[in-house]
Amino acid sequence: MKIEVLEKNEANLRLTIRDVDVPSMNALRRIALAEVPSMAIDEVVMIENSSILQDEIISHRLGLTPLKTDLDSYNLPEDCSCKSEFGCSLCRVTLTLDAEAKEGTRIVYSGELVSENPGIVPVSDRIPIIKMAKGQKLKLEAYARLGKGKNHAKWQPVSMCAYKYFPKITVASKICEDCTKCVDICPKKVLGMKGNKVEVRDLLACNLCMDCVEACPQESKGIKVEWEKNAFILNIESTGVLPPERILREATKILDKQLKEFEEQVKVEEK
Ligand SMILES: [Zn+2]
């Protein structure tokens, strides 16, 4: 397997992966979405709520607030040695909120949540939780736990995880009459003109929509769009809870573990 990093920053990771098949790519994608754990608020104890929103709606909004995750220090509740429904310091983080609209109408933002662990805080301080009118109060205690996206979307560490085939575009200079129709129609601006010849400018942007091939007035098509077999472009966009490369690494670890479990299971069945 050959891997090349195309783009990497805090939230986004784009790679080309060669010599791999569709099932493996899809397994990685699905595991990144549904199996890689992340931290989210799972239980809220309302102490005071005189706002116009019901407790349930506020709890739901808190649950969907992405929290920075520390996979090395915390356990999934089901794997924790405490075996307690309530949780312990290794499987639960407490956050508190005590907000009051003293001066007038105001918005309470995620940054007002106070966490017992300064490492487990909302990804952004500017996520609105509630708007309160003068005199209204909101006081609560919230418990965050690790969980998996397959149980609730709030535990999904990625906002997007997708792959596409690696495109291959050839311009047949003998057939192409440089009418620029393919250049104009491409929504991704993959093609451009060099002098009066059509050239490929941004190959990786191609999403194989085939509009350029359809637009070509030549009967035997002056442009050919194909894809490389067993080569993919993978894009992982994190919600900010974990760096995207960590999500990918965790996904490969989980896939490995699942395959080993499968192998063991087959051995047991064979006996
Ligand atoms: Zn525990």
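Our subject in this report is the structure included herewith. (Residues numbered from 1 in each chain as written. Predicted model: local features only at pLDDT ≥ 70, side-chain atom pairs only at ≥ 80, totals over all residues. Heavy atoms only, no water.)

## Comments concerning the pairing of strand β12 (residues 223-238)
Pairing of strand β2 (residues 12-18) with β12 involves seven bridges; the strand directions are antiparallel. Among the inter-strand pairings, Ile17 is bridged to a residue of β12, identified as Phe232. In this sheet, β12 lies alongside strand β9 (residues 158-171) in antiparallel orientation, the contact comprising 13 bridges. Across the sheet, Thr170 pairs through a bridge with Lys224, a residue of β12. (Pairing = 2+ DSSP bridges. Helix = DSSP H or I, 4+ residues; strand = E, 2+ residues; numbered from the N terminus.)

## Overview of the layout of surface pockets
The computed volume of the largest pocket comes to approximately 460 Å³. Along its surface, the largest pocket is lined by 18 residues, and Pro37, Leu76, Lys148, Ile254 and Lys257 are the ones closest to its centre. Among the elements that take part in the lining of the largest pocket, helix α5 (residues 244-270) stands out by supplying seven residues, more than any other. Broken down by class, the residue content of the lining of the largest pocket amounts to six nonpolar, two polar and 10 charged. (1 Å grid on protein atoms, 1.4 Å probe; cavity = no way out; pocket = protein on both sides within 12 Å on 5 of 7 lines; lining within 4 Å. Points joined across faces, edges and corners; volume = space filled by probe spheres on them. Nonpolar A, V, L, I, M, F, W, Y, C, P; charged D, E, K, R; others polar.)

## Some thoughts on the side chain of Thr94
Note that Thr94 resides in strand β4 (residues 93-100). Thr94 has contacts with Val114, Ser115, Glu116, Glu141, Ala142 and Tyr143, leaving out every residue within four places of it along the chain. (Contact = heavy atoms within 4.5 Å.)

## Examining the packing of helix α1 (residues 22-34) against α5
α5 packs onto α1 with a crossing angle of 110 degrees between their chain directions and a minimal axis gap of 9 Å. With respect to α5, the element α1 is oriented roughly perpendicular. Where α1 crosses over α5, the two elements pack in a sense that is right-handed. In this structure, α1 uses Ala27, Leu28, Ile31 and Ala32 to contact α5, whose residues at the interface are Ile247, Leu248, Ala251, Thr252, Ile254, Leu255 and Gln258. Along the lines of polarity and charge, the residues of the contact of α1 with α5 split into nine nonpolar, two polar and no charged. (Axes fitted to C-alpha atoms, helices over the stretch in contact; angles between N-to-C directions. Parallel < 35°, antiparallel > 145°, perpendicular 65-115°, else oblique. Left-handed = near helix turned anticlockwise from the far one by under 90°.)

Taken by themselves, the reported measurements are silent on function.
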